[in-house]
Every structure is written in C-alpha cells, then in structure tokens.
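Coordinate inspection notes
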Amino acid sequence: MFSSRFYRVFRPIAVALAAACLWAEPAMAAPPKADSVKGEKVSPSKADKAADKAVAKDAKANAKGDKDTAKAIAKVDKDAKANAKGDKDTAKAVKKAPKESAAKKYAKDDLPTVTFKGPASVGAPNRGKLQGAVKLHSSRSLKLRDRAHAWALPELVKLLQRAAGKIAKKHPRSVMLVGDLSQKFGGQLTGHNSHQSGRDADVGFYVANSKGRPAAMTRFVAFDGTGKSGSVGWAQFDDARNWLLVETLLTDKETKVRYIFVSNALRARLLAYALKKKVAKDLYAKAESALLSPRDADVHDDHFHVRIACPESMKGICLEESVGKSKPAVKAPNNDSPY
Ligand SMILES: [Zn+2]
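Residues numbered from 1 in each chain as written. Predicted model: local features only at pLDDT ≥ 70, side-chain atom pairs only at ≥ 80, totals over all residues.

Quick look at the overall build of the protein now. Looking only at helices and strands, the protein has 7 helices and 14 strands in total. Partitioning the intrachain contacts of the protein with sequence separation of at least 6 by distance along the chain shows that 67% fall at a separation of at least 24. (Helix = DSSP H or I, 4+ residues; strand = E, 2+ residues; numbered from the N terminus. Contact = placed C-beta atoms within 7 Å.)

As structure tokens, this is what we get:
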C-alpha cells in the first residue's frame, strides 16, 4: 500500500529530475573547447586571457601561501630546536646544581637545630638525622650483615659491642649478627620506617643447630612461637642466648634501651623462658614493657629491632617516639604473670 502510494507521488518528481539532469549534463560536463582544432591555432578569447590571469594570480598566491607555510614550518622547527636546546640547558643546569645540603633538606622538615658539635640524634626515629655518627665494625663476637648501613650514635654502637662480647664470653663461639643501623647522616633508609636518627639497630636472633650448638649465621632467619624455623629445618631459636641478649641490653649500665621489637609469638616465648628461669621481678617487668610488637611495623619474626632511648645530653633535639604514631602497641601481657 505505502510503496505504491509512494511510487505514485514521487515518480513524476523523479522523472522530472532525471530529465533535468540529462538536459543539464552537457553544459556541466562538456570539456572546454580546446585551443586548437584540427591543429589550427586559435587565439584565446578575452575571457580565456582573464581566466589565465586569474589562474596565474592564484598560482602566485598559492606560491606565496606555500612560502608562508614553509616559513611557518621553518619557524616551528626553529622553535622546536630552541625548546630542545632549552630543555638541554635546563637538564644541564639541574645536573650542575649542587645537591641540596643536608641541613637545608632537613630544615624543611622543621627538625630541631643542633648548636653543638659531636654526636647528636636529631628528631624522631622515623623522621630524623644523625650528626657525629660512628661506624660499627665486625669483630670476633659480632658480624655485620652484608651491605648493612652501620652508622649510629656511639652509645648504640658501644652497646652492641658490649652485649655481643658478654654473650660470647658466656657462650663461646657466639656471634651476634647485626643488620641495618642508620646511614652516616641519618635520614630515610630504604626498607625501614625508622632507623633515621642513629638509635635503631636490627639484630639477628642467636640460632642453635640441631645439636643445640651455636650456629654462625649470615642472614636473618624467621622463627615461630615454637622456636622452629619454617625456612631452615635444622635451625632452632636459642632461648638461653636470646634471653641473655634481652637481659644484657635491658640491664646495661651505660645506655638505656627503650624498645626491643619482636613478634608477639617470640615475645611470649622469651617471657615464658624468663619466668622458668625465675629472673628478678624488676627485670621481668622491664622485659615485659620493652619487648613489643608494633602494630604498624614489620612482624619482626626474624630479628630484634633494638632502640635506645635519647641520651640525656640530647634532650630537646632528640625526640623519643616516632612522629605521627601512637605508642607501639602490644597484645595484653600474659595474664598468668606472677609479677
Ligand atoms: Zn629495624
């Protein structure tokens, strides 16, 4: 129905359009008369001349346009080159610029200003710097782990040396394995939140072999609460020597240890050992509050993280706690504690 009606209405229009096209085509499509007919030259008409002129003018204009375009392109190229040079110059300048001095860098962080010479732990463990650091070296009783950052306050370096010596004296062939302390001038240390102000040290556990004898370790090994290692089958967490380390650190006469971070499972193990050994009440209490497992730090199941307190002489510039954090959290102490 619709198509036949459509046909009836539009057919005449279509026919008329087609006719118009047929009629118009010669005028639209016929090639212009050639200048020569049968080889005979025909002088161009006025209109042709005018047309030629117009074409020539267009060509000129085009040529000018092209020139302008070419100029514009050249300018762009020049600009690009200039920019490239500018970039190079900037890069050179950046390279030449002296590295920001440590003092300037830390001034931005509003760290306390040190007005004296000599060793100083400045700022917080997780945002600080270090002045007058000394380097820890390996000895008979202490092994520095490969590529460890071994700078710290002299107080911490000496404490570790004393403790390692004492444990080796009591348990021959004991070697304390020490990881990162701080960088020479402190500051951020890859892989650690703290260790920035010379008061932190990672100390590997004392490990016994399957016969219970001291094993010389070169890397940290993780232990669970049963004292076994998931990665090293023969390795045992040496309760006696690890507790002795804790005791030695907490009872040092010269340097106060603020925290010994360790996993909750190993903390419980060490406290249970202390209980079994019937250690003095105040020592047990000290261990209970110093052995912590910070909620927002590594698990510490393969090393102790030892932090010394701010030395008295550095009060005012040495910040005891990490900034932006609450006090390290710890699970409720053993309820069956006799103390
Ligand atoms: Zn650490």
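Additional details are given in the paragraphs that follow.
Another aspect to go through is the environment of Gly 230. The residue Gly 230 is located in the loop between β10 (207-208) and β11 (236-237) in this model. Discounting residues that sit within four places of it in the chain, Gly 230 has contacts with Ala 222 and Asp 224.

This part covers unusual backbone geometry. Although it is not a glycine, His 195 sits at a positive phi angle of roughly 60°. Turning to its location among the elements, His 195 is positioned in the loop between β8 (176-178) and β9 (200-204). The phi torsion at Lys 278 lies on the positive side, around 55°, for a residue other than glycine. Turning to its location among the elements, Lys 278 is positioned in the loop between α6 (264-276) and α7 (281-290). In this structure Lys 278 comes out as exposed when scored by C-beta crowding, with 9 C-beta atoms within 10 Å. (Buried ≥ 20, exposed ≤ 12 C-beta atoms within 10 Å, placed from the backbone.)

What follows is about the nonpolar core. Ranked by size, the top nonpolar core spans 60 residues in total, and within it Ala 152, Leu 156, Leu 160, Met 176, Val 178 and Ile 260 carry the most contacts. Ranked by the residues each element gives to this core, the list is headed by helix α4 (residues 154-170), at 7 residues. When neighbours within four sequence positions are excluded, Ala 152 is seen to be in contact with Ala 133, Leu 136, Val 157, Leu 181, Ser 182, Gly 198 and Ala 201. (Core = buried A, V, L, I, M, F, W, Y, C linked by C-beta atoms within 7 Å.)

What follows deals with the confidence of the model for the protein. Predicted confidence across the protein gives a mean pLDDT of 78, with 63% of residues reaching 70 or more. Counting interchain partners and residues more than four positions distant, the pLDDT-below-50 stretch residues 102-107 has 5 contacts. Across residues 328-339 the pLDDT falls below 50, and counting only partners more than four positions away or on other chains, this stretch makes 14 contacts in the model. (pLDDT = per-residue confidence, 0-100.)

The subject of this paragraph is the packing of α4 against helix α5 (residues 239-250). One way to put it is that α4 packs onto α5 with a least axis distance of 10 Å and a crossing angle of 140°. Viewed along their axes, α4 and α5 adopt a mutual orientation that is oblique. Crossing of α4 against α5: the hand is right-handed. Residue-level contacts link Ala 163, Lys 166, Ile 167 and Lys 170 of α4 to Arg 241, Leu 244, Leu 245, Thr 248 and Leu 249 of α5. The residue inventory of the contact of α4 with α5, partitioned by class, reads 5 nonpolar, 1 polar and 3 charged. (Axes fitted to C-alpha atoms, helices over the stretch in contact; angles between N-to-C directions. Parallel < 35°, antiparallel > 145°, perpendicular 65-115°, else oblique. Left-handed = near helix turned anticlockwise from the far one by under 90°. Nonpolar A, V, L, I, M, F, W, Y, C, P; charged D, E, K, R; others polar.)

Right, let's get into the packing of α5 against α6. In the contact formed by α5 and α6, the axes pass within 10 Å of each other and the chain directions differ by 90°. Classified by the interaxial angle, the pair formed by α5 and α6 is roughly perpendicular. Of the residues in α6, those touching α5 at Asp 239, Asn 242, Trp 243 and Val 246 are Leu 270, Tyr 273 and Ala 274. Counted by class, the contact of α5 with α6 contains 5 nonpolar, 1 polar and 1 charged residues.

Here we take up the environment of Gly 212. Along the chain, Gly 212 falls in the loop between β10 and β11. In this structure, the C-alpha to C-alpha distance between Gly 212 and Phe 237, residues 25 residues apart in sequence, is 9.5 Å.

Moving on, we get to the environment of Ser 231. Relative to the elements of secondary structure, Ser 231 occurs in the loop between β10 and β11. Residue class for Ser 231 comes out exposed when judged on the 10 C-beta atoms lying within 10 Å of it. Along the primary structure Ser 231 and Val 221 are separated by 10 residues, whereas in three dimensions their C-alpha atoms are 7.4 Å apart. Those residues in contact with Ser 231, other than ones at most four positions away along the chain, are Val 221 and Ala 222.

Quick look at α6 now. Between its terminal C-alpha atoms α6 stretches 18 Å, which fits the 18 Å expected from 13 residues at 1.5 Å a residue. Taken together, the buried positions of α6 are Leu 266, Arg 267, Arg 269, Leu 270, Leu 271 and Ala 274. In this structure, the buried side of α6 is in contact with β11, α5, α7 and β13 (291-292). (Expected span 1.5 Å × (residues − 1).)

A separate point is the pairing of strand β4 (residues 127-131). Side-chain positions along a regular strand alternate between the two faces of the sheet. Where burial is concerned, most of β4 is hidden: 5 out of the 5 residues are buried. Of the two faces of β4, the one holding Arg 127, Lys 129 and Gln 131 and the one holding Gly 128 and Leu 130 are both buried throughout. With 5 bridges joining them, strand β3 (residues 120-124) and β4 adopt antiparallel strand pairing. Of the residues in β4, the one forming a bridge with Gly 123 is Gly 128. Following β3, the chain reverses through 2 residues before pairing antiparallel with β4. (Pairing = 2+ DSSP bridges.)

The next thing to look at is the pairing of strand β12 (residues 257-261). Judged by how many residues are buried, β12 sits mostly within the fold: 4 of 5 residues are covered. As judged from the 4 bridges shared by β12 and strand β14 (residues 303-308), these two strands associate in the antiparallel manner. Residue pairing for β14: Val 257 is matched across the bridge by Ile 308. For β12 and β13, the ladder comprises 2 bridges, and the chain directions are parallel. Note on β13: the bridge partner recorded for Phe 261 is Leu 292.

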